[in-house]
Amino acid sequence: MVLTRTSRSATADARASRMESLDIEALYRRYGDLVQGRCRSLLRSEQDAAEATQEVFLRLWRYRDSFRGEASPTTWLFKITTSTCLNRLRTRRRHPEELVDETPQLAGPRDALVSEIEARQLLNLLVEEEDERTRAALVYHHIDGMTHDEVGEMLGISGAAVRKRIAVFREKVRGRLPGLEGS
Amino acid sequence: MSHLNTLVLHQLRYGELRGDALLRANEHLAACETCSSRLRAQEAERAAFVAAPVPDAIRAIGATAAPVRSWWRDWLPLAGALLAAASLSLVVREVRTDGVTSPEVATARPKGELPAVEVWVKRPEGTRPLREGEPVGSGDRIQLVYDPHGASAIALAGRDGSGRIEVYTTNAPTGIGLVRAPFALTLDDTPGSQELFVVGSDRALSEDEVKEAVAGAVHGARVGHVVLRKREGGGRR
Ligand SMILES: [Zn+2]
């Protein structure tokens, strides 16, 4: 089982640290495809996706005690990965000199419900949105196909609040999101 | 009929769906080519992933002195910024050198939590968290990663061995969870320790106010702080 707790009382430090290092690998092998695929499809840069994946696993490692108790580890990772990528997109936009090589062909799993072009349009416009939860709401709804209520559950707000945030954003970017205008 | 959302497909693959949810998902997949093909795409990604080696940078995470203490159990994932101030001293301890002062925190600490700070360093194997006691030297590229803990404004500043305070930005990104500073720092050869500060506040501070906050004045600011240990001779390893 992946999430075995390492015993600290009975083992030497060296062994404990070796076990911990096995643990992070086990976690990575189990969940890495979800995280990496998500990072690739949201970031479109192999290097950025690798760094973001690493960042997510660092956080997972930090919070592994609480992660162990999660009813749905994939939900936890999905949220953390999404917020990590969206933060990174904004940082990249603000500091274009730090831009890494873009690899347009790079793609994560084609599990999105919108076309590549529509997803790119949305992600490019998202950097203009200040509010982190609204950014996440837009991705969950438009790219991942969650209903307003499902998004609300992810973000801890009501479905109505999600609907409103999305509507306000769409009004702001009216005419610049042709692929998603009708959805 | 609305499609299965991306997360539900992951949950299905990972065996997290139960009861009605599982039944509904399977019924939908049997009838919907779009969703079956999305699920196949995830499975193909999984197959390619399993065949690839674990990156060194991921292994390195397990090798860091990761903070796992009982109080971490209180942490509620995604409930926002809930890391205790203890996380700061813990992170700081990872990079503090012997003989260097403990993190300074304004004594009349304002409401709210200190921003947690950590330092990542660029190494040949990738950018990774600085390890406990690991020295840095001139030419090293480092990246600050911090948790704003709900602060509305974040400023980043440094103090070098000569005591000079430099404000890098008064307008760093905020957000929930760990945030990367919008730039990397390249260390110069100024002797002595290099300190880094993450100043969180409920309003944007001026550069002077940030300098004062770093020096110990309050201004409603919460100051997270790390001290980098400089390598003997200052050179790159
Ligand atoms: Zn479907």
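Above this text sits the structure in question.
Residues numbered from 1 in each chain as written. Chains lettered and ligands numbered in written order. Predicted model: local features only at pLDDT ≥ 70, side-chain atom pairs only at ≥ 80, totals over all residues. Heavy atoms only, no water.

Caption draft 1: Structural context of helix α2 (residues 19-31) of chain B. Residues and elements named next belong to chain B. Helix length check: α2, at 13 residues, gives a terminal C-alpha distance of 19 Å against a target of 18 Å (1.5 Å per residue), a fit within 8%. Among all positions in α2, only A25, H28 and L29 are buried. Looking straight down α2, one finds its buried side chains confined to an arc of 100°; they lie on one side. In α2, the exposed positions angled more than 90 degrees off the buried face are occupied by G19, D20, L23, E27, A30 and A31. (Helix = DSSP H or I, 4+ residues; strand = E, 2+ residues; numbered from the N terminus. Expected span 1.5 Å × (residues − 1). Buried < 20%, exposed > 50% of the residue type's maximum accessible area, 1.4 Å probe, protein only. Arc of directions from axis to C-beta.)

Caption draft 2: Fine view of empty space enclosed by the protein. Enumeration over the complete set of coordinates arrives at 4 cavities of 30 Å³ or more. In this structure, the largest cavity encloses a volume near 130 Å³. Along the walls of the largest cavity sit 16 residues, with R38, S41, D111, A112 and I143 of chain A positioned nearest its centre. Breaking the lining of the largest cavity down by element, the ones donating at least two residues are α1 (13-43) and α5 (116-126) of chain A together with α1 (6-13) of chain B. Looking at which element gives the most residues to the lining of the largest cavity, the answer is α1 of chain A, with 5 residues. Per-class residue counts for the lining of the largest cavity are 7 nonpolar, 4 polar and 5 charged. (1 Å grid on protein atoms, 1.4 Å probe; cavity = no way out; pocket = protein on both sides within 12 Å on 5 of 7 lines; lining within 4 Å. Points joined across faces, edges and corners; volume = space filled by probe spheres on them. Nonpolar A, V, L, I, M, F, W, Y, C, P; charged D, E, K, R; others polar.)

Caption draft 3: How the structure looks around the nonpolar core. F57 and L77 of chain A are the most contacted members of the largest nonpolar core, which has 57 residues in total. Of all the elements in the fold, those that place two or more residues in this core are α1, α2 (46-62), α4 (73-94), α5, α6 (132-143), α7 (148-155) and α8 (159-172) of chain A together with α4 (56-63) of chain B. Of the residues forming this core, the biggest block, 9 residues, is contributed by α1 of chain A. Residue contacts for L77 of chain A: discarding those within four places in its chain leaves Y31, L34, V35, V56, L60 and F67 of chain A. In terms of nonpolar packing, the next biggest core, distinct from the first, is built from 21 residues, L130, L144, L156 and A181 of chain B among them. (Core = buried A, V, L, I, M, F, W, Y, C linked by side-chain atoms within 4.5 Å. Contact = heavy atoms within 4.5 Å.)

Caption draft 4: Broad picture of the pattern of salt bridges. Residues and elements named next belong to chain A. A complete count under the given rule lists 20 salt bridges over all chains for this structure. A salt bridge links R90 to E130, with the shortest nitrogen-to-oxygen separation between them at 3.2 Å. On the criterion of sequence distance, the pair formed by R90 in helix α4 and E130 in the loop between α5 and α6 is long-range, its members being 40 residues apart. A salt bridge links K172 to E129; its shortest N-O distance comes to 3.2 Å. Of the two residues, K172 sits in helix α8 while E129 sits in the loop between α5 and α6, which places them 43 residues apart along the sequence. A residue is classified by how much of its surface remains accessible, and E129, at 9% relative accessible area, is buried. (Salt bridge = Lys/Arg side-chain N within 4 Å of Asp/Glu carboxyl O.)

Caption draft 5: How the structure looks around the sheet that holds strand β8 (residues 222-228) of chain B. Residues and elements named next belong to chain B. In spatial order, the strands read β5-β4-β7-β8; together these 4 strands make up an open sheet with antiparallel pairing. In the strand order of this sheet, the two ends are held by β5 (165-172) and β8, each with one partner. With strand direction ignored, the average angle separating the axes of adjacent strands in the sheet is 15°. Bridge count for strand β4 (residues 153-159) against β5 is 5 bridges, and the pairing is antiparallel. The residue of β5 that forms the bridge with A157 is V167. (Pairing = 2+ DSSP bridges. Axes fitted to C-alpha atoms, helices over the stretch in contact; angles between N-to-C directions.)

Caption draft 6: Layout of the coordination of the zinc ion. All names here are of chain B. Each protein donor to the zinc ion is listed here as H3 (ND1), H28 (NE2), C32 (SG) and C35 (SG); together their distances run 2.0 to 2.3 Å. Coordination geometry of the zinc ion: the 4 donor atoms subtend angles of 100 to 130° at the metal centre, consistent with an arrangement described as tetrahedral. Judged by its relative accessible area of 30%, H3 is partly exposed. Judged by its relative accessible area of 7%, H28 falls in the buried class. (Donors = N, O, S within 2.8 Å, 3.2 Å for Na, K, Ca; no water. Tetrahedral: all angles 85-135°; square planar, octahedral: opposite > 155°, others 65-115°.)

Caption draft 7: Summary view of the packing of α7 of chain A against α8 of chain A. Residues and elements named next belong to chain A. It is at 7 Å that the axes of α7 and α8 come closest, and there the two elements cross at 100°. Judged by the angle between their axes, α7 and α8 are roughly perpendicular. Contacts between α7 and α8 pair H148, D149, V151 and G152 from the former with G159, V162, R163 and I166 from the latter. Of the residues contributing to the contact of α7 with α8, the split by class is 3 nonpolar, 3 polar and 2 charged. (Parallel < 35°, antiparallel > 145°, perpendicular 65-115°, else oblique.)

Caption draft 8: Geometry of the packing of aromatic side chains. Tallying each qualifying case throughout the model produces 6 aromatic pairs over all chains. Taking the centre distance of 5.8 Å and the plane angle of 90° together, the rings of Y31 of chain A and F67 of chain A count as edge-to-face. Taken as a pair, Y31 of chain A in helix α1 and F67 of chain A in helix α3 (residues 64-68) lie far apart in primary sequence, 36 residues in all. The two residues Y31 of chain A and F67 of chain A agree in class, both being buried. Look at Y31 of chain A and Y14 of chain B: their rings are 5.2 Å apart centre to centre, the planes differ by 20°, and that puts the pair in the stacked class. Of this pair, Y31 of chain A sits in helix α1 while Y14 of chain B sits in the loop between α1 and α2, which puts the two residues in different chains. (Phe/Tyr/Trp six-rings, centres within 6.5 Å; stacked < 30°, edge-to-face > 60°.)

Caption draft 9: Region of interest: the pairing of strand β6 (residues 179-186) of chain B. Residues and elements named next belong to chain B. β6 sits mainly inside the fold: 7 of its 8 residues count as buried. In this structure, strand β3 (residues 141-147) lies alongside β6, joined through 5 bridges in antiparallel fashion. Residue pairing for β6: Q143 is matched across the bridge by A184.

Caption draft 10: Geometry of the layout of surface pockets. For the second largest pocket, the calculated volume is near 490 Å³. As for the second largest pocket, its lining consists of 20 residues, and the residues nearest its centre are E150 and E153 of chain A together with N5, V8 and Q11 of chain B. Counting only elements with at least two residues in the lining of the second largest pocket, the list comes to α4 and α7 of chain A together with α1 and α2 of chain B. Counting residues per element, the lining of the second largest pocket draws most heavily on α2 of chain B, which supplies 4 residues. Residue composition of the lining of the second largest pocket, by class: 8 nonpolar, 8 polar and 4 charged.

Treat this as a map of the structure, not an account of what it does.
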